[in-house]
Amino acid sequence: MKIRMKVLGVTYSQLQQGAYILMLTEEGGTRRVPVVIGVAEAQSIVIRMENLTPPRPMTHDLMVDTMSRFGISSKEVNIYKFDKGIFYSSITFSNGDNDVEVSSRTSDAVALALRTGSPIYMDEEVLQQAGFESSHFESAASDKVEENDYEKMSDAELEARKKQAVAIEAYEEAALIQQILQKRK
């Protein structure tokens, strides 16, 4: 069964240097899926989410323009497999007469879907394997501490809090704690 997903946002990965986390969420549901993506793809996704217009077309913009000129549309994105930490995706294209499914990196498929308005789907099995309930995330995030309170904590307390934040995908909180720890050194 395919579950419709939407893009929740993109954040810097605290676990993998030079990488970003694309957070997908189940439409009308509570499950979320973090997908590790590269810098260029993160930039392309954020540019579209923020409705920014770069001075020159990004690769994904070029692809959409080319598709349009040749009468090709993107019908859907399907994230169909998760194996050894890697997501496998496809994009279904149509010229009006024929539909063709093309393998794609998930980050590229999502960047394209955001530009074309194509729906993003994830197989239920993938969602179960790679997803988590946002209610766990939200209950832990509601226990958030103010920046002033972090300053009063010991390094050991901050390290523990940072690990907890990373575990629940609260990357902004983890980054803030890391900044405080770095200031102390």
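Heads up: the structure comes first, above all this text.
This one's a predicted model, so the numbers in the text were calculated from it and none came from an experiment.

Caption draft 1: How the structure looks around the sheet that holds strand E1 (residues 2–12). With respect to topology, eight strands assemble into an open sheet ordered E6-E5-E4-E7-E1-E2-E3-E8, the strand pairing being mixed. The two strands at the open ends of the sheet, each matched to only one other strand, are strand E6 (99–104) and strand E8 (132–133). Packed onto the sheet, helix H1 (residues 39–49) meets E1, strand E2 (20–26) and strand E3 (31–37) and runs at close to 105 degrees relative to E1. Packing against the sheet, helix H3 (residues 106–116) makes contact with E1, E2, E3, strand E4 (73–83), strand E5 (86–94), E6 and strand E7 (120–123), and its axis sits at approximately 40 degrees to E5.

Caption draft 2: Expanded view of unusual backbone geometry. One non-glycine residue with positive phi stands out, namely asparagine 51, at about 55 degrees. Turning to its location among the elements, asparagine 51 is positioned in the loop between H1 and helix H2 (59–69). In this structure asparagine 51 comes out as exposed when scored by relative accessible area, which is 59%. Even without being glycine, lysine 84 reaches a positive phi, approximately 55 degrees.

Caption draft 3: Summary view of the packing of aromatic side chains. In this structure the tally under the stated criterion is two aromatic pairs. A centroid spacing of 5.3 Å and a plane angle of 85 degrees characterise the contact between tyrosine 12 and tyrosine 20, whose relative ring orientation is edge-to-face. A relative accessible area of 34% places tyrosine 12 in the partly exposed class. With a relative accessible area of 24%, tyrosine 20 lands in the partly exposed category. Measuring from ring centre to ring centre gives 4.5 Å for phenylalanine 82 and phenylalanine 87, while their planes differ by 45 degrees; the resulting arrangement is tilted. Of the residues examined, phenylalanine 82 reaches a relative accessible area of 24% and is grouped as partly exposed. Here the basic side chain of lysine 2 rests over the ring of tyrosine 121, its NZ or CZ set 4.9 Å away from the ring centre. One residue, lysine 81, lies across the ring of tyrosine 88, its end atom 4.9 Å from the ring centre.

Caption draft 4: Structural detail: the pattern of salt bridges. Counting across every chain of the model gives nine salt bridges. Measuring nitrogen to oxygen at the nearest pair gives 2.6 Å for the salt bridge that ties aspartate 61 to arginine 115. In this pair, aspartate 61 is assigned in helix H2 and arginine 115 in helix H3, connecting sequence segments 54 residues apart. With a relative accessible area of 12%, arginine 115 lands in the buried category. Taken together, the salt bridges that share partners define one network made up of Glu26, Arg31 and Glu124.

Caption draft 5: Spotlight on H1. Every buried residue of H1 is listed here: Glu41, Ala42, Ser44, Ile45 and Ile47. Along its buried surface, H1 packs onto E1, E2, E3, H2 and H3. Where H1 terminates, the next one or two residues include asparagine 51, which has phi positive at roughly 55 degrees.

Caption draft 6: Broad picture of the packing of H2 against H3. Here H2 crosses H3 at 55 degrees, and the two axes come no closer than 10 Å. Overall, the two elements H2 and H3 adopt an arrangement that is oblique. Here the hand of the crossing between H2 and H3 comes out right-handed. Contact residues: H2 offers His60, Asp61, Met63, Val64 and Met67, while H3 offers Asp108, Ala111, Leu112, Arg115 and Thr116. Its residues placed into classes, the contact of H2 with H3 shows five nonpolar, two polar and three charged.

Procedures and definitions
- The residue numbers shown here count from 1 along each chain, following its written sequence.
- Local features are withheld for residues below a pLDDT of 70 in this predicted model, meaning they are given only at 70 or higher, and side-chain atom pairs are given and counted only at 80 or more; totals for whole chains, interfaces and linings count all residues.
- Side-chain measures were taken over the full set of non-hydrogen atoms in the model, leaving aside hydrogen atoms and water.
- Paired strands are those between which DSSP finds at least two bridges.
- The numbering of helices and of strands both runs from the N terminus, where a helix is a DSSP run of H or I of at least 4 residues and a strand a run of E of at least 2.
- We call two residues contacting when some pair of their heavy atoms lies within 4.5 Å.
- Here an angle of 0 to 180 degrees is reported between the N-to-C directions of two axes, which are lines fitted to C-alpha atoms, with helices fitted over the stretch in contact.
- Note on classification: 1.4 Å probe, protein chains only; a residue is buried when its accessible area is under 20% of the maximum for its type, exposed when over 50%, partly exposed between these limits.
- Each Phe, Tyr or Trp ring, with Trp reduced to its six-membered ring, pairs with another whose centre is within 6.5 Å; inter-plane angles below 30 degrees give stacked pairs, above 60 give edge-to-face pairs, and intermediate values give tilted ones.
- Charge-over-ring contacts are defined here by two conditions on Lys NZ or Arg CZ: a distance within 6 Å of the ring centre and an angle within 35 degrees of the ring normal.
- Put simply, a salt bridge is a Lys or Arg side-chain nitrogen that is within 4 Å of an Asp or Glu carboxyl oxygen.
- Geometric relationships in this document are graded by angle, where less than 35 degrees denotes roughly parallel, more than 145 denotes roughly antiparallel, 65 to 115 denotes roughly perpendicular, and other angles denote oblique.
- Two helices that cross are described as forming a left-handed crossing if the nearer one is turned anticlockwise from the farther one by less than a right angle, and a right-handed crossing if clockwise.
- Throughout, the ten residues Ala, Val, Leu, Ile, Met, Phe, Trp, Tyr, Cys and Pro are labelled nonpolar, Asp, Glu, Lys and Arg are labelled charged, and all others, Gly among them, are labelled polar.

Read these as layout, nothing more, since geometry by itself doesn't imply function.
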